[in-house]
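One letter stands for each residue in the lines below.
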There are 2 protein chains.
Amino acid sequence: MPIYHAPTKDLGFVLHEVLKIHEQDIPGYDELDADTTAAILEEAGKLSENVLAPLNPVGDRQGCVLENGVVRTPEGFKDAYEQMRAGGWMGLDADPEYGGQGMPYVLNCAVGEMFVSSNMAFNMYQGLTHGAYSAIHAHGSDAQKQTYLPNMIDGIWSGTMNLTEPHCGTDLGLIRTKAEPQDDGSYSITGSKIWISAGEHDLSENIIHLVLAKAPGGGEGTKGISLFIVPKFLVNEDGSLGARNAVSCGGLEEKMGIHGNATCVMNYDGARGFLVGEIHKGMRAMFTMMNEARLGVGLQGYAQGAVAYQNALGFAKDRLQGRDVTGTQNPDGPADPIIVHPDVRRNLMAQKSFVEGARAFVLWGAQMIDRAHRKEDADAEGMISLLTPVIKGFLTDKGFETTVLAQQTLGGSGFTREWGLEQFVRDARITMIYEGTNGVQALDLVGRKLAQSGGKHVMAFFDMVKSFIAEHKGKDEALDRDFLDPLKAASKDLQSAGMFFMQNGMKTPNAALSGSYDFMHLFGHVCLGLMWSKMAVASRAALDAGTSDTEFHAAKLATGRYYMARELPATGTHLRRIESGADPVMELDAAQF
Amino acid sequence: MPIYHAPTKDLGFVLHEVLKIHEQDIPGYDELDADTTAAILEEAGKLSENVLAPLNPVGDRQGCVLENGVVRTPEGFKDAYEQMRAGGWMGLDADPEYGGQGMPYVLNCAVGEMFVSSNMAFNMYQGLTHGAYSAIHAHGSDAQKQTYLPNMIDGIWSGTMNLTEPHCGTDLGLIRTKAEPQDDGSYSITGSKIWISAGEHDLSENIIHLVLAKAPGGGEGTKGISLFIVPKFLVNEDGSLGARNAVSCGGLEEKMGIHGNATCVMNYDGARGFLVGEIHKGMRAMFTMMNEARLGVGLQGYAQGAVAYQNALGFAKDRLQGRDVTGTQNPDGPADPIIVHPDVRRNLMAQKSFVEGARAFVLWGAQMIDRAHRKEDADAEGMISLLTPVIKGFLTDKGFETTVLAQQTLGGSGFTREWGLEQFVRDARITMIYEGTNGVQALDLVGRKLAQSGGKHVMAFFDMVKSFIAEHKGKDEALDRDFLDPLKAASKDLQSAGMFFMQNGMKTPNAALSGSYDFMHLFGHVCLGLMWSKMAVASRAALDAGTSDTEFHAAKLATGRYYMARELPATGTHLRRIESGADPVMELDAAQF
């Protein structure tokens with residue numbers, strides 16, 4: 001069975017030594033002193049290690065079962081769910097006005113990594129509730145908030161997001177689900193939605209579905225879409241559960257992974273629904289939650305990589321095969337542990353340097369979201385809006401890749417069920433697809449975000465990298481050589497790519513769009529290069545200040561050096577691919593394929 | 001359900017227009033005129049499309065079942081197996097002296113691609129038999145050949161390869177299975193083997209196990225290993241089946257994919273075994289089959305990519321989402337097919353250009369094996385020996401990657417069972433692991449093959465590329481610019497990497513070994529660049545000669561241009577990674593991870 005160790009120390013390092021959250025002037029961050037976060041991370045870590053991780057293979061094997069319209073989750077999920085509720089974890093960052101704990105989002109993400117690493121399929125139930133909570137919180141009426149949020153924050157009710165239909169996913173303008181206005185101000189919702197995660201299950205007493213549908217008079221395409229609350233059980237005026245609504249689970253999807261989460265076909269047969277926010281402005285309501293939701297999926301990607309890496313590392317230290325070419329390391333054993341072999345290390349370093357870099361990137365991004373929301377900082381909002389597709393697309397691609405690398409470390413054992421690596425691969429795979437495929441993320445980045453506000457945000461990104469380099473340059477030769485110089489070079493590749501788009505994209509949109517995916521990856525590498533440089537500065541400072549924990553910080557610097565020397569050079573290839581333009585990609589007629 | 005179209009036309013193009021097999025001075029190739037191969041490919045294609053492909057998802061869902069020591073294969077496998085036997089496919093390239101058809105190996109590979117694409121798990125049963133056949137054919141006594149080969153070629157008996165034990169896979173020197181000499185000249189074999197593909201099943205009347213074991217007096221490590229035939233049923237002097245041997249299936253592995261193939265724990269409890277070849281020279285006997293076996297796994301890798309690509313392409317032409325940014329393509333529909341979107345095309349071109357390049361590479365390699373075997377050409381033997389780890393490692397990594405790309409083309413549908421893409425991903429994953437993990441391939445390439453015969457073979461490779469360029473250079477500006485120049489640049493990167501190893505590897509072996517994986521990929525890209533250049537020359541020639549099939553050849557050139565412009569530049573990043581040396585990889589102590 002796979003292992004899991006909560007990385008509380010490394011999370012603490014990023015929060016307090018790299019991001020220095022306790023020094024940030026963001027409302028609520030003053031509560032986040034190192035002792036408080038350590039205590040919270042410790043508790044969440046225990047829950048992850050002891051309760052969630054052991055259930056992960058159980059959920060995978062048993063999956064969910066639909067019988068007579070009721071979905072049964074795997075054995076033990078209900079108990080674990082109750083423990084999550086009892087611990088108050090579901091409302092950690094929720095609005096205190098409705099019973100939440102009001103902690104910053106950055107802390108929610110640090111905790112979330114451990115929940116996702118230990119059991120991604122399970123954690124999706126509360127993850128979807130969180131998404132539905134956010135939508136109602138941002139766009140619902142006061143009455144709706146009072147009616148739904150307290151129970152959703154508590155977890156006694158859960159939530160879902162209903163977007164996709166059989167004939168449309170990315171292109172939501174094509175949806176057919178109808179909302180007919182009723183005399184009492186409610187709507188009658190009719191249609192079929194697919195791929196609804198946590199659409200039906202036995203963990204909560206009620207399920208609050210958020211549903212995109214078309215109400216009359218909205219016009220064609222996405223303009224005609226509105227957002228509705230459709231509760232599984234209608235809620236009486238006194239808050240008690242009323243009649244069963246006309247919404248039902250029509251089937252469960254058989255899929256590659258996340259078997260512990262019920263992926264449902266949801267049928268709405270004249271179900272009673274309640275408009276959220278303005279009529280025909282449903283897409284806008286969805287979009288406001290997107291940064292958070294997409295950062296959450298990026299987190300899932302690297303969190304699967306994180307747990308996979310731990311298992312690969314354990315195996316590499318235990319498994320005895322062959323001898324170190326530079327001299328026997330384990331003379332009393334029949335062979336040396338495979339971690340002595342350079343190619344096994346290359347593989348482990350790739351995993352480790354990605355996971356730790358991604359952890360910093362996501363927490364840095366979460367802090368930016370806090371800054372945007374809690375300080376209403378438009379620059380922070382612009383920056384995170386720009387980087388959201390990078391966080392989602394790059395971290396899920398690389399997170400999946402990391403699970404595959406980890407699986408490879410185990411050789412044949414990696415292919416067997418028993419060792420659990422193959423589950424991490426199968427579970428991680430969905431993160432590249434849902435919440436907008438990574439191709440759509442790349443399109444969002446290059447087609448929308450780059451040019452937003454006249455390119456202001458991307459310029460701000462380059463300025464940020466530049467001032468970071470300027471601030472730290474020239475103080476430490478090794479830091480310059482190993483971190484700041486490679487970061488500068490990579491950032492220059494990114495600027496060249498942006499320049500190519502500017503010069504060619506207006507005339508030939510396909511010249512930019514053909515390079516969008518490479519641009520997303522190039523951008524991701526620069527961001528991780530920046531994160532590694534930030535961590536190097538922090539660890540260098542700790543060592544210079546005479547920290548007793550020299551091993552931790554020395555390892556951090558060495559891991560960073562690996563990333564800068566071995567992973568960051570990928571920017572060069574991405575740039576060359578981008579600069580080859582649209583022709584190689586677009587030349588063939590569809591019929592010629 | 002997934003589709004499959006046998007790529008007979010493209011196979012014919014590679015065989016006759018690119019490799020021009022009918023013009024090669026290799027014994028047996030004179031029979032391979034275009035009509036003959038077309039007829040054979042056509043028949044194999046029909047079998048693949050109509051019989052094997054429909055069984056592929058069945059095998060995945062049902063898997064194999066072990067009851068009372070007997071393994072039941074999925075429904076329909078037995079019938080399909082009988083059709084394969086009846087068609088004579090199992091002995092296509094086997095020795096006519098024992099009932100085979102004696103066709104060249106290159107044809108076997110062309111046919112094999114279709115069998116593997118349509119049903120990899122099923123095809124492994126005969127694939128393993130072929131491996132065991134080759135071992136006995138190369139190293140067995142005349143009596144052993146007479147006893148076993150005819151029935152194995154027929155398929156009425158099958159075969160296996162037994163190497164791995166629970167505590168050792170890569171490091172076979174550690175095996176514990178014992179062979180005790182008996183008075184009658186046979187051996188008593190005792191031990192446990194794991195991950196034995198097709199170890200037990202209901203498709204054949206007898207199973208001929210080839211088992212590595214240690215006989216007394218052989219010394220430590222791999223030197224003490226011998227190879228034995230251990231039949232499931234002993235064979236009487238008249239060739240009829242005798243007593244059941246003391247070998248049994250102790251369990252089936254639960255694994256990520258290839259569920260239709262039985263992966264067995266095999267227990268040998270004093271089973272009667274018969275020495276193959278010389279005592280204590282078992283490893284050598286295994287190694288002589290390795291080029292073929294590893295090329296076969298490389299073929300599996302790209303063959304899974306090939307069928308995955310077909311399904312991605314079909315989806316991309318059918319699925320309507322969004323509009324072409326350059327202008328609506330499907331005005332009568334609600335949206336355009338997604339193949340209009342640049343990022344979808346980038347994805348499809350990556351798949352297509354890899355699959356077609358890999359197809360050429362494998363058939364080129366198979367032809368090299370024919371040249372080595374049928375002409376006893378030592379240079380060909382040296383060349384294929386050098387390139388075998390590249391074919392295995394690069395094509396399986398990229399083949400797997402291709403299935404993941406294809407899955408991505410389908411968005412959410414790619415994650416569901418129904419569409420079948422996720423099975424191709426799961427099945428392809430094993431190819432990176434078995435027959436020597438890809439890390440071991442890289443080690444073999446850099447640690448052994450590069451320096452073999454004083455570096456003669458790698459020099460011959462560079463000469464081959466150089467003379468190819470010299471032969472075709474300066475005749476066609478577009479050919480030079482799009483193919484020969486990029487090939488030259490990539491080849492230069494490969495040479496620089498080799499130079500780095502030469503200059504650093506002797507003093508610091510880890511400096512070479514830390515770059516071995518990147519070198520394998522760099523080498524693979526140069527090989528595919530060479531193959532695409534060869535195909536470009538062939539298609540250019542066909543167009544210049546006024547072929548009526550202009551679409552096919554124009555598409556070939558465009559696909560090649562994509563590969564050269566977008567995939568080949570990866571060599572630059574691989575070189576930079578290699579040149580960063582051992583430090584970034586080896587710096588951390590094992591304890592610091």
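Keep in mind that what you see is a predicted model, and the values were worked out from it rather than measured.

How each quantity is defined
Residues numbered from 1 in each chain as written. Chains lettered and ligands numbered in written order. Predicted model: local features only at pLDDT ≥ 70, side-chain atom pairs only at ≥ 80, totals over all residues. Heavy atoms only, no water. Phe/Tyr/Trp six-rings, centres within 6.5 Å; stacked < 30°, edge-to-face > 60°. Helix = DSSP H or I, 4+ residues; strand = E, 2+ residues; numbered from the N terminus. Lys NZ or Arg CZ within 6 Å of the ring centre and 35° of its normal. Least-squares fit on C-alpha atoms with pLDDT ≥ 70 in both. Contact = heavy atoms within 4.5 Å. Expected span 1.5 Å × (residues − 1). Bend = angle between axes of the 7 residues up to and from the residue. Polar contact = N/O pair within 3.5 Å; in protein donor to acceptor, adjacent residues only side chain to side chain. Salt bridge = Lys/Arg side-chain N within 4 Å of Asp/Glu carboxyl O. Pairing = 2+ DSSP bridges. Core = buried A, V, L, I, M, F, W, Y, C linked by side-chain atoms within 4.5 Å. Buried < 20%, exposed > 50% of the residue type's maximum accessible area, 1.4 Å probe, protein only. Axes fitted to C-alpha atoms, helices over the stretch in contact; angles between N-to-C directions. Parallel < 35°, antiparallel > 145°, perpendicular 65-115°, else oblique. Left-handed = near helix turned anticlockwise from the far one by under 90°. Nonpolar A, V, L, I, M, F, W, Y, C, P; charged D, E, K, R; others polar. Disulfide = S-S within 2.5 Å. Buried area = accessible area lost by both parts, 1.4 Å probe. Domains from an automatic or database assignment.

**Q** Sorry if this is basic, but what is going on with the packing of aromatic side chains here?
**A** Aromatic rings considered in pairs are described by the distance between their centres and by the relative angle of their planes. Enumeration over the complete set of coordinates arrives at 27 aromatic pairs over all chains. Geometrically, the ring pair formed by Trp 89 of chain A and Phe 115 of chain A is edge-to-face, given 5.7 Å between the ring centres and 85 degrees between the ring planes. Residue Trp 89 of chain A is located in the loop between helix H3 (77-86) and helix H4 (105-118), and its partner Phe 115 of chain A is located in helix H4; the two are separated by 26 residues in the primary sequence. Ring centres 5.8 Å apart and planes at 80 degrees place the aromatic pair Phe 519 of chain B and Phe 523 of chain B in the edge-to-face group. Pair noted here: Phe 519 of chain B and Phe 523 of chain B are both in helix H17 (residues 516-544), with a separation of 4 residues, about one helical turn. Of the aromatic side chains, those joined through ring pairs into one cluster are Phe 461, Phe 462, Phe 500, Phe 501, Phe 519 and Phe 523 of chain A. Lying over the aromatic face of Tyr 517 of chain B, Arg 346 of chain A brings its terminal NZ or CZ to 4.1 Å of the ring centre. In this structure, Arg 244 of chain B packs its charged tip against the face of Phe 233 of chain B, placed 5.5 Å from the ring centre.

**Q** Is there a simple way to think about the relation of the copies chain A and chain B in this case?
**A** Both copies of the chain are related by one operation, a rotation about an axis with a shift along it. Between chain A and chain B, which share one sequence, the superposing operator has a rotation angle of 180 degrees and an axial displacement of 0.0 Å; the RMSD is 0.0 Å. The transformation just described matches what one would write down for a two-fold rotation axis. No C-alpha of chain A lies nearer the rotation axis than that of Thr 573 of chain A, which sits 3.1 Å from it. Interface overlap between copies: 100% of the residues of chain A at the interface are likewise at the interface in chain B, consistent with a symmetric, same-surface contact.

**Q** So what exactly am I meant to see when it comes to helix H15 (residues 477-505) of chain A here?
**A** Since the α-helix packs 3.6 residues into each turn, any two residues three or four apart lie on the same face. Residue and element names in this part refer to chain A. Look at H15: 40 Å from first C-alpha to last across 29 residues, which is about the 42 Å you get at 1.5 Å a residue. Leu 484 marks the point of greatest bend in H15, at about 35 degrees, and the proline Pro 486 comes within the next four residues. For H15, the capping residue at the N-terminal end is Asp 476, with a side-chain oxygen 2.9 Å from the backbone nitrogen of Ala 478.

**Q** Is there a simple way to think about the pattern of salt bridges in this case?
**A** Between side chains of opposite charge, pairing is possible as soon as their charged atoms come close. The final tally for this structure, using the stated rule, is 74 salt bridges over all chains. Between Glu 587 of chain B and Arg 561 of chain A there is a salt bridge whose closest N-O contact spans 2.5 Å. In this pair, Glu 587 of chain B is assigned in the segment after helix H20 (583-586) and Arg 561 of chain A in helix H18 (residues 550-567), connecting two distinct chains. In the salt-bridge network here, residues are joined through shared partners; they are Asp 10, Glu 113, Lys 352, Glu 356, Arg 359 and Lys 556 of chain A.

**Q** Would you mind showing me how to read the pairing of strand E4 (residues 178-181) of chain B here?
**A** Each regular strand shows side chains that alternate between the opposite faces of the sheet. Residue and element names in this part refer to chain B. In this sheet, strand E5 (residues 187-197) lies alongside E4 in antiparallel orientation, the contact comprising 4 bridges. When the sheet's bridge partners are listed, Pro 181 is paired in E5 with Tyr 187. Here E4 hands over to E5 after 5 residues, with Gly 185 in that stretch at a positive phi of 90 degrees.

**Q** What is the right way to read the side chain of Asp 93 of chain B from this model?
**A** All names here are of chain B. Mapped onto the elements of the fold, Asp 93 is located in the loop between helix H3 (77-86) and helix H4 (105-118). A distance of 2.8 Å separates polar atoms of two side chains, one belonging to Asp 93 and the other to His 130. The residues contacting Asp 93, other than those within four sequence positions of it, are Gly 102, Met 103, Pro 104, Tyr 105, Asn 108 and His 130.

**Q** Could you clarify how one ought to interpret the nonpolar core in this entry?
**A** Side chains of a nonpolar character, in soluble globular proteins, are inclined to be buried together. Formed by 398 residues in total, the largest nonpolar core has its most connected members in Phe 461 and Phe 523 of chain A together with Phe 461 and Phe 523 of chain B. Filtering out sequence-adjacent residues up to four positions away, Phe 461 of chain A remains in contact with Met 383, Leu 386, Leu 387, Leu 494, Phe 523, Val 526 and Cys 527 of chain A.

**Q** Would you take a moment to explain the packing of helix H9 (residues 342-374) of chain A against helix H10 (residues 378-409) of chain A for this structure?
**A** Each pair of packed helices can be summarised by the angle the axes make with each other and by the distance between the axes. Residue and element names in this part refer to chain A. Contact geometry of H9 with H10 gives a least axis separation of 9 Å together with a crossing angle of 155 degrees. Taken together, the axes of H9 and H10 are roughly antiparallel relative to one another. The two elements H9 and H10 cross, and the hand of that crossing is left-handed. Residue classes in the contact of H9 with H10 are distributed as 21 nonpolar, 8 polar and 3 charged.

**Q** What is the right way to read the packing of helix H8 (residues 290-318) of chain B against helix H12 (residues 421-429) of chain B from this model?
**A** All names here are of chain B. At their nearest, the axes of H8 and H12 sit 10 Å apart, and the two run at 165 degrees to each other. When the axis of H8 is compared with that of H12, the two are roughly antiparallel. Crossing geometry of H8 relative to H12 is assigned as left-handed. Here Gln 304, Val 307, Ala 308 and Asn 311 of H8 lie close against H12, whose contacting residues are Leu 421, Phe 424, Asp 427 and Ala 428. For the contact of H8 with H12, the per-class residue count stands at 5 nonpolar, 2 polar and 1 charged.

**Q** Can you help me understand the state of the cysteines in this one?
**A** Simply put, the disulfide is a covalent bond whose two ends are the sulfur atoms of two cysteines. Residue and element names in this part refer to chain A. A complete count under the given rule lists 0 disulfides over all chains for this structure. Note on Cys 264: no disulfide assigned, nearest cysteine sulfur contributed by Cys 249 at a separation of 3.8 Å. For Cys 264, a relative accessible area of 0% puts it in the buried group.

**Q** Looking at this model, I keep getting lost on the interface of chain A and chain B. Mind explaining?
**A** Note: interface size is frequently given as the accessible area lost on complex formation between the parts. Contact residues are listed per partner, giving 91 residues for chain A and 91 residues for chain B. With both chains or domains summed, chain A and chain B bury close to 7800 Å², and 58% of this area falls on carbon and sulfur atoms. If you look at where chain A meets chain B, you find 8 salt bridges. The tally of links from chain A across to chain B stands at 43 residue pairs in polar contact (both at pLDDT 80 or more). Counting residues per element, the side of chain A that touches chain B draws most heavily on H18 of chain A, which supplies 10 residues. When its residues are assigned to classes, the side of chain A that touches chain B shows 42 nonpolar, 25 polar and 24 charged.

**Q** Just to check I follow, could you spell out the pairing of strand E9 (residues 241-244) of chain B for this structure?
**A** Residue and element names in this part refer to chain B. Inspection of the sheet shows strand E8 (residues 233-235) paired to E9 by 2 bridges, in the antiparallel sense. By the bridge assignment, Val 235 is partnered in E9 with Leu 241. Linkage of E8 to E9, two consecutive antiparallel strands, is achieved through a turn of 5 residues, within which Gly 239 is found at a positive phi near 90 degrees.

**Q** Looking at this structure, how should I read the domain arrangement of chain A?
**A** All names here are of chain A. Domain annotation of chain A identifies domain 1 (8-288), domain 2 (289-326 + 336-436) and domain 3 (438-583). Using only C-alpha atoms to locate each centre, domain 1 and domain 2 end up separated by 23 Å. Contacts between domain 1 and domain 2 engage 41 residues on the former and 36 residues on the latter. For the pair domain 1 and domain 2, the two sides together bury roughly 3300 Å², of which 58% comes from carbon and sulfur. Contact with domain 2 buries area across many residues of domain 1, yet Tyr 105, Glu 113 and Met 120 alone supply 19% of it, more than any other trio. Seen at the junction of domain 1 and domain 2, the total is 5 salt bridges.

**Q** Just checking my understanding: could you explain the side chain of Asp 336 of chain B for this structure?
**A** All names here are of chain B. The topology assignment puts Asp 336 in the loop between H8 and helix H9 (342-374). Its relative accessible area of 0% is what places Asp 336 among the buried residues. Among the polar contacts listed, one links the side chain of Asp 336 to the backbone nitrogen of Gln 329, at a separation of 3.1 Å.

**Q** Could you clarify how one ought to interpret the environment of Phe 13 of chain A in this entry?
**A** Residue and element names in this part refer to chain A. Mapped onto the fold, Phe 13 is located in helix H1 (residues 8-18). Taking the C-alpha atoms as reference points, Phe 13 and Ser 539, 526 residues apart in sequence, are found 9.2 Å from one another. Sequence-distant contacts of Phe 13, defined by excluding residues within four places in its chain, comprise Val 18, Met 535, Ala 538, Ser 539, Phe 552, His 553 and Lys 556.

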